[in-house]
Amino acid sequence: MPGTGIFFLVVGPSGAGKDTLIDGARAALASGGRHVFATRVITRPAGAGGEQHTPISEAQFTADEQAGRFLITWSAHGLRYGLPASLADELRAGRHVIANGSRAAIAELAARVPRLVVLHVAAERTALADRIRGRGREEGEQVARRLEREVNLTVPHGVQVIGIHNNGTVGEGIEKLLSALDHAQRSLRVVRYPIDTWRERVAYLPPGSVVGAADYLGPGRISIEGDSRSITASVHVAETGPMLADDEIGLSLHAFESLALPQGTRVSIRRTPAPDSRQALREKIQGHPLSEAQYALLLEDILQGRYPDSEVAAFLVAATRSLSDSEVVSLARVRASFMPRIDWNEPIVVDKHSMGGIPGSRITLIVIPVVAAHGLAIPKTSSRAITSAAGTADAMEAVARVDLTAAEVRETVRRTRGCIAWNGRLNHSALDDVMNHITRPLGIDSNRWSVASILSKKLSAGSTHVIVDLPWGPQAKLKTLAEASELARLFETVGEALGLVVQAHPTDGSAPIGRGIGPALEVQDVLQVLGNGLAAPADLRTKALTFAGHILAWDPALGSFQAGLARAEELLLSGAAHEKFEQIVDAQGRRPSPVRPAALVHPVHAPGYGRIRHIDIARISEVARRAGAPADKAAGIHLAAGLGDDVAGGQVLYTVHASAASDLEAAAQLAEQASGVSQGHS
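Residues numbered from 1 in each chain as written. Predicted model: local features only at pLDDT ≥ 70, side-chain atom pairs only at ≥ 80, totals over all residues. Heavy atoms only, no water.

Let's talk about the nonpolar core
Thought 1: In this structure, Leu365, Ile366, Val367, Val370, Met396 and Ile551 are the most contacted members of the largest nonpolar core, which totals 48 residues.
Thought 2: Contributing elements (two or more residues each) for this core: helix H13 (364-374), helix H14 (392-396), helix H19 (519-530), helix H20 (538-552), helix H21 (561-573) and helix H22 (576-588).
Thought 3: Other than its neighbours up to four places away in sequence, valine 367 contacts Ala544, Phe547, Ala548 and Ile551.
Thought 4: Listed in part, the 42 residues of the second largest apolar core include Leu298, Leu323, Leu478 and Ala484. (Core = buried A, V, L, I, M, F, W, Y, C linked by side-chain atoms within 4.5 Å. Buried < 20%, exposed > 50% of the residue type's maximum accessible area, 1.4 Å probe, protein only. Helix = DSSP H or I, 4+ residues; strand = E, 2+ residues; numbered from the N terminus. Contact = heavy atoms within 4.5 Å.)

Structural data, given as structure tokens:
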């Protein structure tokens, strides 16, 4: 027989029914030959009642103990108990031993057997009393005294304890004991396996695994469960080193970190059943629409890792090709159900979103203080940049903390009516982690999928009114006005179905907005607008006021865009918006020293006279990122000329800022190869 057997010590208070359950298990397992049921040696006469035992005198017990004929001994209730030393031979032969024992003997026994599992049988107090009286050996005060005896169940590290609540019928109790025996025999010790599988969770079983490695191979996955933690993983058989014991399971580095249990912890595994959602996945891959209930099942199974990446990728490709309006609504609702929802208890809670992709365009840092100064609640959470030179959170972080907790966001909004925080700690979507892991390497993108993702987050954030900026242009995410207009319609349609008031506005995305590209440089533009400076970028100011005007129009006291725009201009010109911005910065946590544009600079000059006909926003962003943005918040580009400006030969088109000489040199070389600014004759 492979491996070493397990010693099962059955413990519990008098009356718990241990003997009855053991007798039932003995009958059920008699034909298997793998289990040995120990007969205890007790200094009790043969006809004294109770369990079947080997009777022995006190003198003979002492002599046998001194001769080493017992594996372990203990005393209880004026009697001496022993388990024969021959049980160790049974364990070495690969057989499992089941014995009725004492809780007080656990620590000593654990040191004498290769693996000890404690089966703790318990029952309610009334059941204990009835069973003790039913044995006929004790009554009255004797029963009460026995019930009062308490022995703390303490076990050494590494000893597995399985509880069995024996309050039902005898048959139910025996079934629980048999289930516990099977569970323990199939449990495995976690080993941190020295293989890095990056984001994929992989489990490794030895060829001779006690659970039968071949039973778990295949395209599906397994669930690994222990100590209230669980993960899913694919399974490989480790036929070469590092070698695993038959009762071990190796976890790849990512799987081990995901399970977050100490090495050596006992876990159980089970094949993840074929998901109920598999039919839905097949239907979507074939191009059929799915219901909200089907998406709920499917996305839950994807989130739990029950599908291999190949099948998830096939689903996502199909979803990018065919998603009806009603499916987008369903997706948004299901996605929102995976995130906690914030309730602000206010009639109007505003949020703003931009499809992004346009350098500069940092209007959020202007819109939020304008709206908050008016009095509407606008708890704005934003992302950091992924492929651009700055995101809203990156820019705000140049002057204040953005990694706020939910409680800190609430307090900031309570004090100032607005915030500009990073969304990574607030309405983070675990589903997005799974999806992005697959979509980004494959370049999968879908505007319809994005609408469901965006509005699900607005729903979970407690928003009631959402405004969406949809920049369009040759190099923007949305290429044409028609595409932007169709997406605006979808945003508003889905928003209405979700109970949100949504306005989506196509905007000019053909060129950068403002002059700064990079966190500190964009904040510099924002402060010039808020401070009503003469050098404030007019395009940034106009766009910010336009969006603020649309938002303020939701206030019933204003009621129209014209009134909202006038109110926004009033708040900006009066300095109220600037003051509100400073209040928000203080409430979130002002940086001791705001980040300033980097001191190392390189000017990029126009090669000759001409009017600026085109600014390549992708190239401009690439130069800014090469300079260090957004990781270096001081790095980026300051545009000296904009679309339509006439410039002379040698005139500065833009200035590159960097904190490190090597970054400046790399960005300068890129800019000199192709500046990204095209000129033509006026």
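Next comes the rest of the account.
Looking at unusual backbone geometry
Thought 1: The linkage connecting alanine 629 with the following residue, proline 630, adopts the cis geometry, with an omega of 0°.
Thought 2: Of note, proline 630 is situated in the loop between helix H23 (617-626) and strand S24 (636-639).
Thought 3: With a phi close to 55°, tryptophan 198 is a non-glycine residue in the positive phi region.
Thought 4: Of note, tryptophan 198 is situated in the loop between strand S10 (188-192) and strand S11 (202-205).
Thought 5: The class for tryptophan 198 is exposed, based on a relative accessible area of 59%.

Comments concerning a nonpolar patch on the surface
Thought 1: A surface patch of nonpolar side chains, about 180 Å² in accessible area, is lined by Leu153, Val155 and Val161.
Thought 2: Of note, valine 155 is situated in the loop between helix H6 (141-148) and strand S9 (160-165).
Thought 3: Since its relative accessible area comes to 31%, valine 155 is described here as partly exposed. (Patch = residues over 30% accessible without salt bridge, like charges linked within 9 Å, V, L, I, M, F, W, Y side chains within 5 Å. Areas by Shrake-Rupley, 256 points an atom, 1.4 Å probe, with all protein chains shown as cover. Salt bridge = Lys/Arg side-chain N within 4 Å of Asp/Glu carboxyl O.)

Focus on the sheet that holds S10
Thought 1: If you walk around this closed barrel you meet the six strands as S10-S14-S11-S13-S12-S15, and the pairing is mixed. Each adjacent strand pair in this sheet contributes to an overall mean axis angle of 45°, direction not counted.
Thought 2: Looking at chain direction, strand S12 (residues 222-226) and strand S13 (residues 229-237) are connected through five bridges and run antiparallel. Bridging from a neighbouring strand, glycine 226 pairs with arginine 229 of S13. (Pairing = 2+ DSSP bridges. Axes fitted to C-alpha atoms, helices over the stretch in contact; angles between N-to-C directions.)

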